[in-house]
Amino acid sequence: MIKALFQNTFGPAPSVTGFTPGRVNLIGEHTDYNGGWVLPTALTLGVSLAIAPRTDGRIRIRSDKFEGLAERRMDDRAADHWSDYIVGALQRARADGFGPNGADVAVMTTLPFGAGISSSAAVTVGTLRCARDLTDQNQSNTEIAVLARQVENDFIGMPCGIMDQMAVAISSPGQALSLDTKTLDYALIDLPETHHMAVIHSGVFRQLNEGRYKIRKEECDAVKAALGHDDLCLMSDAEFEGLSTLDASLIRRARHALSEHRRTVLATAALKAKRMTEFGGLMNDSHASMRDDFEITVPAVDALVADAQRFGATGARMTGGGFG
Ligand code: GLA
């Protein structure tokens, strides 16, 4: 299908194609820029890309979701346009010594945008992988994920952590990625066959770069300055007590980072041992912490989570950056 979209648009066959999944995070929210652990898993939904290289600095992109052809250039800046992630990834690859000087690109996605399941990470990682494959390079998936995060941080201007890029670059459906975001050490854990995972869209959309994610990141930066180090998730109980002179909202943010990391460590052990009742309880606690301490949930999502819990879910929580 992706080959057909490419050929119908550009004529010749693409040089490389690839598929990158979206992700859903099981637990460990807003820990990935605070030195903590996360536990995401890949979805079966994702992004397909087909690319042929160019040499003239032009980038032409056809999407199955948007009308027309996006005409961009290798030296473009971000333009608040859906094609930015592909342009940024092609620029990043080129600046890193691999990838073509321009490209024709077709992209198809089964991931809803702005739904907290990493459509942007899938597009960016997928484009970088295609650029790698086009030029016969051998960057590891971790290296690709690090570059993809740089595209988000430096080109798009979204100060995200590394979770989404690592999740979509490394895990497969049915496997959770237990990732230490400080060291990038990871392990893959099979999800149990005794339980089903349902990902429910609230219908309330958000755009991460709207600014509220940035505000939480800045609040964490303020706590880091008071602590004297960057690893909010790894602070000791004594260090947490020492924050008592800070503004009450900053103390709540710090308490979320600390408790969420500890819950993620416990949940990882519970998942490995298939103790799913314990795992579900930690998911429920994670939601309460995001609602009360990090204050990133919205009423529609709180209501969905409460319903899921009431109707018998082993555990339920919001997933992703929040605010939708
Ligand atoms: C978004 C960001 C991630 C992470 C989550 C919250 O998905 O892209 O880096 O911070 O929010 O856990």
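Residues numbered from 1 in each chain as written. Predicted model: local features only at pLDDT ≥ 70, side-chain atom pairs only at ≥ 80, totals over all residues. Heavy atoms only, no water.

Some remarks on the layout of surface pockets
Note the cut-off: Whether a set of points on the 1 Å grid over the protein atoms alone is a cavity depends on a 1.4 Å probe fitting there but being unable to get out, while an open set qualifies as a pocket with protein on both sides within 12 Å along at least five of seven lines; lining residues are those with an atom within 4 Å of a point. Grid points are joined across faces, edges and corners, and a volume is the space filled by probe spheres set on the points. In this description a helix means any DSSP run of H or I spanning at least four residues, a strand means any run of E spanning at least two, and both kinds are numbered starting from the N terminus. Residues are grouped as follows: Ala, Val, Leu, Ile, Met, Phe, Trp, Tyr, Cys and Pro are nonpolar; Asp, Glu, Lys and Arg are charged; every other residue, Gly included, is polar.
Volume-wise, the largest pocket comes out at about 1000 Å³. Along the walls of the largest pocket sit 47 residues, with Met197, Ala198, Val199, Met283 and Arg317 positioned nearest its centre. Of all the elements, strand β3 (residues 40–53) adds the most residues to the lining of the largest pocket, at five residues. Its residues assigned to classes, the lining of the largest pocket comprises 27 nonpolar, 18 polar and two charged.

Focus on the nonpolar core
What counts is decided by this rule: Buried residues of nine kinds, namely Ala, Val, Leu, Ile, Met, Phe, Trp, Tyr and Cys, make up a nonpolar core once their side-chain atoms join them within 4.5 Å. Categorising residues by exposure relies on relative accessible area from a 1.4 Å probe, with only protein chains included: less than 20% of the type maximum marks a residue as buried, more than 50% marks it as exposed, and the intermediate range marks it as partly exposed.
Counting residues in each nonpolar core, the largest one holds 51 residues, and the members touching the most others are Ile61, Ile86, Val105 and Met235. Here this core gets five residues from one element, more than from any other, and that element is helix α8 (residues 248–272). Counting residues in hydrophobic clusters, the runner-up holds 20 residues, among them Ala93, Val125, Leu128 and Leu179.

Some remarks on the site of the ligand
Applicable threshold: Proximity is defined per residue: if any heavy atom of the residue lies within 4 Å of a molecule or strand, that residue is considered near it. Polar contacts here mean pairs of N or O atoms no more than 3.5 Å apart (in protein, one a potential hydrogen donor and the other a potential acceptor; neighbouring residues in sequence count only if both atoms are side-chain atoms). Residue burial considers only the protein chains on display, and all accessible areas are found by Shrake-Rupley using a 1.4 Å probe.
Taken together, 13 residues surround the ligand, and among them Glu29, His30, Asp32, Asp164 and Tyr213 come closest. With respect to the ligand, the side chain of tyrosine 213 contributes an N or O atom lying 2.6 Å from an oxygen atom. Glycine 321 places a polar main-chain atom, nitrogen or oxygen, 3.4 Å from an oxygen atom of the ligand. Here the ligand loses 98% of its free accessible area of 300 Å² to cover by the protein chains. In terms of residue class, the shell around the ligand is made up of five nonpolar, four polar and four charged.

Looking at unusual backbone geometry
A positive phi angle, close to 65°, is found at leucine 184, a residue other than glycine. Its place among the elements puts leucine 184 in the loop between β7 (175–180) and β8 (186–190). Even without being a glycine, phenylalanine 323 presents a positive backbone phi close to 65°. Along the chain, the position of phenylalanine 323 falls in the segment after α10 (299–310). On the basis of relative accessible area, phenylalanine 323 is assigned to the buried category, the value being 12%.

Comments concerning the side chain of threonine 297
Selection rule: Here, two residues are considered to be in contact whenever any of their heavy atoms come within 4.5 Å of each other.
Its location among the elements puts threonine 297 in the loop between α9 (276–292) and α10. Using a relative accessible area of 14% as the deciding quantity, one classes threonine 297 as buried. A distance of 2.8 Å separates a polar atom in the side chain of threonine 297 from a polar atom in the side chain of aspartate 302. With near-sequence residues (within four places) excluded, threonine 297 lies in contact with His287, Met290, Arg291, Asp302 and Met318.

A look at the side chain of asparagine 25
Turning to its location among the elements, asparagine 25 is positioned in strand β1 (residues 16–25). Here glycine 28 takes part through its backbone oxygen, which lies 2.9 Å from a polar atom of the side chain of asparagine 25. If we ignore the near neighbours within four places in the chain, the residues touching asparagine 25 are Leu39, Pro40, Met163, Arg317 and Thr319.

Digging into the pattern of salt bridges
What counts, and what does not: Within this document, salt bridges are pairs made up of a side-chain nitrogen of Lys or Arg and a carboxyl oxygen of Asp or Glu, the two lying within 4 Å of each other.
By the definition in use, this model includes 26 salt bridges. Residue arginine 54 pairs with aspartate 56 through a salt bridge whose shortest N-O separation is 2.7 Å. We classify arginine 54 as buried; its relative accessible area is 15%. Owing to a relative accessible area of 34%, aspartate 56 belongs among the partly exposed residues under this scheme. Between aspartate 75 and arginine 73 there is a salt bridge whose closest N-O contact spans 3.9 Å. Under the relative-accessibility criterion, aspartate 75 is labelled exposed at 63%. Under the relative-accessibility criterion, arginine 73 is labelled partly exposed at 38%. In the salt-bridge network here, residues are joined through shared partners; they are Arg216, Glu219, Arg252, Arg253 and Glu295.

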